Amino acid sequence: MSEALALPPEKLPDVRGKLTQDAPLAKLVWFKAGGAADWLFEPADVDDLRAFMRDLDPSVPIMPLGLGSNLIVRDGGVPGVTIRLGKSFARIEAEDDHTLRCGAGAHGVLIASTARDNGIAGLEFLRGIPGTLGGFVRMNGGAYGRETADVLVECDVVLRDGSLKTLPVADLGYTYRHSELPQGAVVVGARLKGEPGDPAEIGAEMERIAQAREDSQPVRTKTGGSTFKNPPGEKAWQLVDAAGCRGMMRGHAQVSEKHTNFLINTGTATSADIEQLGEDVRAKVKAGSGIELEWEIQRVGRP
């Protein structure tokens with residue numbers, strides 16, 4: 001039991017949202033595996049989150065959780081406070097100059113659909129990323145040739161001291177699947193900018209992306225997003241396939257036969273099974289090609 005979990009609720013800041021002790025996280029992540037959060041906080045709104053962050057003991061770690069689509073929660077659970085943003089953080093509003101203001105809890109599908117309905121092109125790729133805006137901003141999420149850095153104007157974050165700050169895209173230090181957000185910052189919203197487009201053409205591109213994803217990825221299984229980053233000049237799935245890992249298993253965890261850069265939970269795999277399978281794959285790829293694959297999936301918590 002962690003020090004954070006040992007704290008009784010009355011020692012934590014008062015909230016208007018929901019604060020749950022020892023909250024199971026497996027049901028909230030796509031792999032459907034892993035342990036519990038010491039504390040799960042679902043804030044009522046931005047002000048509730050700001051007050052909580054301001055008054056929380058700075059030694060207690062925090063972890064924002066979106067859809068859990070690119071996340072391995074280890075079996076020992078997540079120390080400190082896991083913060084999950086609900087419906088009040090999922091609003092999307094169209095603004096002038098082909099711009100959307102989105103809450104960090106907004107799903108990629110909804111953002112792309114809202115852009116289509118307002119004749120805003122350039123955000124169609126978000127239809128192909130399972131997740132919420134907060135994760136896209138944090139990880140420079142991308143698909144089908146585009147990434148968040150291409151469309152982000154600025155993001156709103158709550159810092160660990162409870163202050164609300166707006167950061168322009170230039171301050172985020174974006175590289176491939178990486179940002180330099182301040183330590184402990186929680187993304188609560190962002191502005192995305194596209195360009196004028198025809199809703200019918202935008203919709204057709206969204207359908208093309210949705211079909212391409214359905215055809216190539218194991219979307220109807222218990223899986224995460226892309227497991228490994230693409231090394232410079234290489235495709236991770238090709239390296240995994242060439243190393244003979246297609247279909248490889250550890251326990252109930254398996255390398256997808258449909259797309260070898262995806263791991264799947266075929267039944268009751270533990271997070272340890274899934275993570276170790278990934279390490280097995282990395283070892284085989286290194287032995288076969290000399291290339292050391294870097295994890296793209298986030299791995300959090302205690303083993």
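Please read these numbers as outputs of a predicted model, since none were measured by experiment.

**Quick look at the packing of aromatic side chains**
- Tallied over the entire structure, the rule returns two aromatic pairs.
- Taking the centre distance of 5.3 Å and the plane angle of 55 degrees together, the rings of Phe228 and Trp295 count as tilted. Here Phe228, found in the loop between strand E15 (222-223) and helix H6 (236-242), pairs with Trp295, found in the loop between helix H7 (271-289) and strand E19 (298-300); they are 67 residues apart in sequence, far enough to count as distant.
- A relative accessible area of 1% places Phe228 in the buried class.
- Looking at Trp295, the relative accessible area reads 8%, which means it is buried.

**Some details on H7**
- With 19 residues, H7 extends 27 Å between its outermost C-alpha atoms, agreeing within 8% with the 27 Å of an ideal straight helix rising 1.5 Å per residue.
- Taken together, the buried positions of H7 are Ser271, Ile274, Glu275, Leu277, Gly278, Val281, Arg282 and Val285. Here the buried residues of H7 occupy an arc of 155 degrees about the axis, which is enough to place them on one side.
- In this fold, the buried residues of H7 make contact with strand E4 (71-73), H6, strand E16 (249-250), strand E17 (253-255), strand E18 (263-265) and E19.
- Trailing H7 by a residue or two, Gly290 shows a phi angle of about 80 degrees, which is positive.

**Details of the pattern of salt bridges**
- One pass over the structure, following the stated rule, counts 23 salt bridges.
- Between Asp38 and Arg302 there is a salt bridge, and its shortest N-O distance comes to 2.8 Å. You can see Asp38 sitting in strand E2 (residues 36-42) and its partner Arg302 sitting in the segment after E19, a full 264 residues away along the chain.
- Judged by relative accessible area, which is 24%, Arg302 ranks as partly exposed.
- Lys193 is the salt-bridge partner of Asp97, the closest N and O atoms lying 2.7 Å from each other. Note that Asp97 is positioned in the loop between strand E6 (92-95) and strand E7 (99-103) and Lys193 in strand E13 (residues 186-193), a separation of 96 residues in sequence.
- Residue Asp97 is classed as exposed on the basis of its relative accessible area, which comes to 51%.
- Residue classification places Lys193 among the partly exposed residues on the basis of a relative accessible area of 32%.

**Notes on the layout of surface pockets**
- A volume near 290 Å³ is recorded for the second largest pocket.
- Contributing to the lining of the second largest pocket are 14 residues, with Val46, Ser88, Cys102, Gly103 and Val188 lying nearest its centre.
- Mapped by element, the contributors of at least two residues to the lining of the second largest pocket are E6, E7 and E13.
- When residues in the lining of the second largest pocket are grouped by element, the largest group, three residues, is from E7.

Rules used throughout
Residues numbered from 1 in each chain as written. Predicted model: local features only at pLDDT ≥ 70, side-chain atom pairs only at ≥ 80, totals over all residues. Heavy atoms only, no water. Phe/Tyr/Trp six-rings, centres within 6.5 Å; stacked < 30°, edge-to-face > 60°. Helix = DSSP H or I, 4+ residues; strand = E, 2+ residues; numbered from the N terminus. Buried < 20%, exposed > 50% of the residue type's maximum accessible area, 1.4 Å probe, protein only. Expected span 1.5 Å × (residues − 1). Arc of directions from axis to C-beta. Contact = heavy atoms within 4.5 Å. Salt bridge = Lys/Arg side-chain N within 4 Å of Asp/Glu carboxyl O. 1 Å grid on protein atoms, 1.4 Å probe; cavity = no way out; pocket = protein on both sides within 12 Å on 5 of 7 lines; lining within 4 Å. Points joined across faces, edges and corners; volume = space filled by probe spheres on them.

Purely geometric stuff here, so don't read any function into it on its own.
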